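Structural features, examined
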Amino acid sequence: MIQEIFSSGQLTDLQKKITNKIIQQERLASEEGIELFNFNIGILGILASYLNNKKNQDKVFFNKNFHIEPTNICVYDCVFCSYHRKINQEGSWEYSINDILEKAESYKNSDITEVHIVGGVHPNRDLHYYGEMIRKIKEILPNIHVKAFTAVELDFMIKKAHLNLEEGLLKLKEYGLDSIPGGGAEIFEPEIRKQVCHEKSTAEQWLTIHETAHKIGLPSNATILYGHLENNRHRIEHLDKLRDLQDRTNGFNTFIPLKFKKANNPLSYVGEVNILEDLKMFAISRIYLDNFDHIKAYWPMLGKDVSQISLSFGVDDIDGTIDDSTKIYSMAGAKDQKPTMTTKELIELIKTAGKKPVERDTVYNTIREY
Ligand code: V47
Ligand code: SF4
């Protein structure tokens, strides 16, 4: 297959050099990463699959999880966000601790292994409010893994509690936090970041929060929000910063490219990128992030069909069953307005793509192979 790429006549000399480096599993420089966007999409798929296969063979991971979104009230106004509201604004919600515990109760006798908690940055809630919430969830579900709060939420709640970053993260760990999701990274390039989310934590703050979390033993995920105002160079610079941090800490579990969805937000006018662009983003992430084991396609955002195709473009993880418990993407126009997939459906989706379904826990220990 690889020989056929060379003899296909579709590669320039520079692209042949890059292809050789990929096959030898040598690290790409940023200019080479940018050149990947000019590759033929089929060739990118083959190269990304080749690297994915070295790391994960034909396994595709998923987990059994549900989401809690405690509130969509947010002090910020990111222009790509369809989800946030101000206090008392129509469409806002604020679940009480009791509402949340009731939801946790409903999973008491299930085989769910993870709860993913993210929401808006509420002006009146600090670290201790959310810490108590985690502690009480774990009283009900003692074995659950709590993956909670983007770096942006953490930044705000820790400052509100007048703690420094390390103290705050340690305190949350004590309350029961197990890992940190990848949101809030958006795009690190300062000019574009200013245009899409000018008020919230900077790229440096996002990176420092994740680095500090890794240092104290909290693993995390990483994301990019792509397909809005950024260009290919910005995307590679973003991946570069993540690759550098991963070199230092090895604390990232997975990388999740998040496609900008356009409904009901002020950035709608830029539209959405097409499926080929999505597949390119997945393949390039796999190739460029040579020190990340896992690349995740988040199916509630991409849709089930594209997620399935992405498994031939370097993706080895399609998140979880979700159980209709997230609104971030349905409010931004995702095809699936009630995102839920049974384990049977997830397994079927993976098997019909010619891959081997593996149920995992949050940190990629195998729970069951199908
Ligand atoms: O930071 C908001 C994104 C993120 C839109 O770690 C949007 O496993 C596209 O953190 N179009 C939050 N994206 C979600 C998040 C997450 C999601 C899935 C898996 C994991 C994980 C983490 O959602 C935000 C922002 O980048 N987002 N609005 C939108 N209109
Ligand atoms: Fe708030 Fe997050 Fe929406 Fe930004 S993306 S406005 S931080 S909820």
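Here's a quick rundown of the structure.

About the thresholds
- Residue numbers restart at each chain and count upward from 1, following the sequence in its written direction.
- Chains and ligands are labelled sequentially in the order written, the chains with letters from A and the ligands with numbers from 1.
- Only residues with pLDDT of at least 70 are given local features in this predicted model, and only at 80 or more are side-chain atom pairs given and counted; all residues enter the totals for whole chains, interfaces and linings.
- Water and hydrogen atoms play no part in the side-chain values, which are based on all heavy atoms of the structure.
- One heavy atom within 4 Å of a molecule or strand is enough for the residue carrying it to be called near that molecule or strand.
- When residue character is reported, Ala, Val, Leu, Ile, Met, Phe, Trp, Tyr, Cys and Pro are called nonpolar, Asp, Glu, Lys and Arg charged, and the others, Gly included, polar.
- Two strands pair if DSSP finds at least two bridges between them.
- Helical segments are the DSSP runs of H or I of at least four residues, strand segments are the runs of E of at least two, and each set is numbered from the N terminus.
- Contacts were defined at the residue level, with two residues in contact if any of their heavy atoms lie within 4.5 Å.
- Comment: axis = line fitted to C-alpha atoms, over the contacting stretch for helices; angle = value between 0 and 180 degrees taken between N-to-C directions.
- As used in this structure description, the phrase polar contact means that two N or O atoms lie within 3.5 Å; if the pair is within protein, one of them must be able to donate a hydrogen and the other to accept it, and residues adjacent in sequence are counted only when both atoms belong to side chains.
- Crossing handedness follows the turn of the near helix against the far one: under a right angle anticlockwise gives a left-handed crossing, and clockwise gives a right-handed one.
- Salt bridge criterion: a side-chain nitrogen from Lys or Arg within 4 Å of a carboxyl oxygen from Asp or Glu.
- Burial classification: accessible surface area is computed with a 1.4 Å probe over protein chains only, and a residue below 20% of its type maximum counts as buried, one above 50% as exposed, and the rest as partly exposed.
- Viewed with both strands pointing away, a crossover whose connecting path from the first strand over the helix to the second turns clockwise is right-handed.
- Working definition: roughly parallel below 35 degrees, roughly antiparallel above 145 degrees, roughly perpendicular at 65 to 115 degrees, and oblique for all remaining angles.
- Aromatic rings from Phe, Tyr and Trp, with only the six-membered ring used for Trp, were paired whenever their centres fell within 6.5 Å, and each pair was classed as stacked if the ring planes differed by under 30 degrees, edge-to-face if by over 60, and tilted otherwise.
- To sit over a ring, a charge needs its Lys NZ or Arg CZ within 6 Å of the ring centre and within 35 degrees of the ring normal.

Quick look at the site of ligand 2
- Surveying the vicinity of ligand 2 reveals the residues Cys74, Tyr76, Cys78, Phe80, Cys81, Tyr83, His84, Gly120 and Lys200.
- Here the residues of the shell around ligand 2 are counted per class, giving six nonpolar, two polar and one charged.

Describing the sheet that holds strand β6 (residues 252–259)
- Read from one edge to the other, the open sheet built from three strands follows the order β5-β6-β7, with strand pairing classed as parallel. Unpaired on one side and paired on the other, β5 (220–226) and β7 (294–295) mark the two borders of the sheet.
- Bridging between β6 and β7 involves two bridges; their strand directions are parallel. Across the sheet, Thr254 pairs through a bridge with His294, a residue of β7.
- Strand contacts of helix α10 (residues 203–215): β5 and β6, with the helix running at about 160° to β5, the strand carrying the most contacts.

A few points about the sheet that holds strand β8 (residues 317–320)
- Taking strand neighbours across the sheet as the criterion, the four strands line up as β8-β1-β9-β10 in an open arrangement whose pairing is mixed. Across the chains shown, the open sheet's two edge strands, defined by having one partner strand only, are β8 and β10 (366–369). Looking at each pair of strands side by side, their axes are set apart by 30° on average, direction ignored.
- With three bridges connecting them, strand β9 (residues 356–360) and β10 associate as antiparallel partners. Across the sheet, residue Glu359 finds its bridge partner in β10, namely Arg368.
- Sheet strands touched by helix α15 (residues 343–351): β1 (59–63), β8 and β9. Its angle to β1, the strand with the most contacts, is close to 160°.

Some details on the site of ligand 1
- What surrounds ligand 1 is a group of 22 residues, the closest being Phe80, Lys147, Gly184, Glu186 and Lys296.
- The contact in question runs from a nitrogen atom of ligand 1 to an N or O atom on the backbone of Phe80, over 2.8 Å.
- Contact distances for ligand 1 include 3.0 Å between an oxygen atom and a side-chain N or O atom of Asn221.
- Elements that contribute at least two residues to the shell around ligand 1 include exactly β5 and β6.
- With three residues, β6 is the largest single contributor of residues to the shell around ligand 1.
- Residues that form the shell around ligand 1 fall into these classes: 10 nonpolar, seven polar and five charged.

Let's talk about the packing of helix α11 (residues 232–249) against helix α12 (residues 275–288)
- With their axes 11 Å apart at the nearest point, α11 and α12 run at an angle of 35° to one another. Seen from above, α11 lies across α12 with right-handed handedness. On the side of α11, the interface is formed by Arg235, Ile236, Leu239, Asp240 and Arg243, while α12 contributes Glu277, Met281, Ile284, Ser285 and Tyr288.
- Broken down by class, the residue content of the contact of α11 with α12 amounts to five nonpolar, one polar and four charged.

Some remarks on the pattern of salt bridges
- Summed over the entire model, instances satisfying the criterion amount to 29 salt bridges.
- Between Asp290 and Arg27 there is a salt bridge whose closest N-O contact spans 2.8 Å. One end of the pair, Asp290, is in the loop between α12 and β7; the other, Arg27, is in the loop between α2 (13–23) and α3 (30–35), with 263 residues separating them in the sequence.
- A residue is classified by how much of its surface remains accessible, and Arg27, at 32% relative accessible area, is partly exposed.
- Between Glu230 and Arg235 there is a salt bridge; the shortest N-O distance is 2.9 Å.
- Overall, the relative accessible area of 9% leaves Glu230 in the buried class.
- Salt bridges here are not isolated pairs; linked through shared partners, they connect Lys17, Lys21 and Glu32.

Concerning the environment of Leu239
- When you line up the elements, Leu239 lands in helix α11.
- Among residues more than four places away in sequence, those in contact with Leu239 are Phe255, Ile284, Ser285, Tyr288 and Leu289.

Brief notes about the pairing of β5
- Taking burial as the measure, the seven residues of β5 include seven buried ones, the bulk of the element.
- Side chains Ser220, Ala222, Ile224 and Tyr226 of β5 all project onto a buried face; the interleaved residues Asn221, Thr223 and Leu225 project onto the opposite face, where all are buried too.
- Bridging between β5 and β6 involves six bridges; their strand directions are parallel. When the bridges of β6 are listed, Ala222 appears paired with Phe255.
- You can see the chain leave β5, run along α11 and come back into β6, and the turn it takes is right-handed.

Let's talk about the packing of helix α4 (residues 41–56) against α12
- At a minimum axis separation of 9 Å, α4 and α12 run at an interaxial angle of 40°. Relative to α12, α4 is oriented oblique. Note on packing geometry: the crossing formed by α4 with α12 is left-handed. Along its contact with α4, which presents Ile41, Leu44, Leu47, Ala48, Leu51, Asn52, Lys55 and Asn56, the element α12 presents Leu276, Leu279, Lys280, Ala283, Ile284, Arg286 and Ile287.
- Class assignment for the residues of the contact of α4 with α12 results in 10 nonpolar, two polar and three charged.

A closer look at the packing of aromatic side chains
- If you walk through the whole model with that rule in mind, you get 11 aromatic pairs.
- Centre to centre, the rings of Tyr129 and Tyr130 are 5.2 Å apart; their planes meet at 90°, and the pair counts as edge-to-face.
- The partly exposed category is assigned to Tyr129, whose relative accessible area is 24%.
- For Tyr130, a relative accessible area of 4% corresponds to the buried category.
- Considering the side-chain rings of Tyr130 and Phe149, the 5.0 Å spacing of their centres and the 55° angle between planes classify their relative orientation as tilted. Taken as a pair, Tyr130 in helix α6 (residues 127–140) and Phe149 in the loop between β4 (145–148) and α7 (151–160) lie far apart in primary sequence, 19 residues in all. For the residue pair Tyr130 and Phe149, the accessibility class agrees, reading buried in each case.
- Among the aromatic residues, those joined into a cluster by ring pairs are Phe188, Trp206, Phe252, Phe255 and Phe292.
- Its end group placed over the ring of Tyr288, Arg243 keeps NZ or CZ at 4.0 Å from the ring centre.
- Across the ring face of Tyr364, the terminal group of Arg360 is positioned such that the distance to the ring centre comes to 4.4 Å.

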